[in-house]
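Descriptive structure summary
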Amino acid sequence: MIRRLVPPPRPPRGGGGAGPTRRALLCGAALTVLAWGLPAPLAASAPASPPLFEPEDGQKLSYAIVRLGSRIGLHHFTFQRRDGRLVVESDLTISVSILSIQVYALNHKSREVWEDGRLVWFSGATNDDGTIHRAQSELRGDRLHVVTDGEVKDSPPLFVASLWRALPTDTRVAIDPIDGDPTSFSVAAGPDETVKVRGEPRRAQRWTWRGGINRDLWYDPSGLLVRVLIKGDDGSDVFYILQ
């Protein structure tokens, strides 16, 4: 959901270059793969569109965000059904430290409101290591009124790329929830694979987003998001793991 989930953290001030560099902190993709393992593919054809996840009223989903074998954050989703609408609350926290000194932090909260499969409202607030984003989108008739950091835009109806909801393959633009900006990328279906979910193997289909937002996502047959892979700037792996 962010273009670069963990930007290269700054070395501690006053280190004079003696501490780990931003690139060094993000190195170790191979170690991450060994620690978590990549899903094993299964021989199966992929459908044109992913299944649509239908959360229950009051359902909660939590994902650990793991990098180089260590947890660096959590992402929580809470679902409520009100008067025929689905309300989704998202709470994301990331903190990266070197030698017990925090070098990067991200805090994000957002709300989505869906009705009849359409996004009718989105609002989000993000502190991306000191950079503040505030966004709001509202469906007005057949147009989406989008305000991002004070800039007003008019758009056709869009989805929001908030991970929990799989996107169809004809998606070309969706709202980036971190900054609220409509962002171009493509969606492609991959093979069925076996991933470990809560300690047990589970079949899930791999989907890829490529462009302004890059993600590999695994959804089980019910449409539940079970894993996400995001590449760091140097190719290191950041995983979302369903708790």
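Note that the coordinates shown come from a computational prediction; the quantities given were computed from them, not determined experimentally.

Here we look at the overall build of the protein chain
Secondary structure assignment for the protein chain yields two helices and 16 strands. Residues counted as buried form 45% of the 243 residues belonging to the protein chain. Roughly 11,300 Å² of accessible area belongs to the protein chain as shown, and the carbon and sulfur atoms make up 51% of that amount.

Quick look at the pairing of strand β2 (residues 60-67)
The buried fraction of β2 is high, at six of eight residues. Where β2 and strand β3 (residues 70-82) come together, eight bridges link them in antiparallel fashion. Bridge assignment links S62 to a residue of β3, and that residue is H76. Here β2 folds back onto β3 in antiparallel fashion, the turn holding two residues, of which L68 has a positive phi close to 55 degrees. In the sheet, β2 pairs with strand β16 (residues 237-242) via five bridges, with the strands oriented antiparallel.

Some remarks on the pairing of strand β12 (residues 182-197)
Here three bridges tie strand β11 (residues 173-175) to β12, and the two strands are oriented antiparallel to one another. Residue pairing for β12: I175 is matched across the bridge by P182. In this structure, β12 lies alongside strand β13 (residues 200-211), joined through 11 bridges in antiparallel fashion. Note on β13: the bridge partner recorded for S186 is R210. With antiparallel pairing between neighbouring strands as the criterion, β12 and β13 make up a hairpin whose turn holds two residues, including R198 at a positive phi of roughly 55 degrees.

Overview of the environment of S95
Tracing the backbone shows S95 in strand β4 (residues 85-98). C-alpha of S95 to C-alpha of G73: the two residues are 22 residues apart in sequence and 6.2 Å apart in space. Those residues within four positions of S95 in sequence are excluded, and the remaining contacts are I72, Q102, Y104 and A105. A distance of 2.8 Å separates the side chain of S95 from the side chain of Q102, its partner in a polar contact.

Regarding the packing of aromatic side chains
The tally for this structure, following the rule as stated, stands at seven aromatic pairs. Residues F79 and W164 carry aromatic rings whose centres are separated by 5.2 Å and whose planes lie at 70 degrees to one another, so their mutual orientation is edge-to-face. One end of the pair, F79, is in strand β3; the other, W164, is in the loop between β10 (159-160) and β11, and 85 residues separate them in sequence. Consider the rings of F185 and W209, whose centres lie 5.3 Å apart with planes at 35 degrees: the pair is tilted. Highlighted residues: F185 in strand β12 and W209 in strand β13, separated in sequence by 24 residues.

So, how was this worked out
Residues numbered from 1 in each chain as written. Predicted model: local features only at pLDDT ≥ 70, side-chain atom pairs only at ≥ 80, totals over all residues. Heavy atoms only, no water. Helix = DSSP H or I, 4+ residues; strand = E, 2+ residues; numbered from the N terminus. Buried < 20%, exposed > 50% of the residue type's maximum accessible area, 1.4 Å probe, protein only. Areas by Shrake-Rupley, 256 points an atom, 1.4 Å probe, with all protein chains shown as cover. Pairing = 2+ DSSP bridges. Contact = heavy atoms within 4.5 Å. Polar contact = N/O pair within 3.5 Å; in protein donor to acceptor, adjacent residues only side chain to side chain. Phe/Tyr/Trp six-rings, centres within 6.5 Å; stacked < 30°, edge-to-face > 60°.

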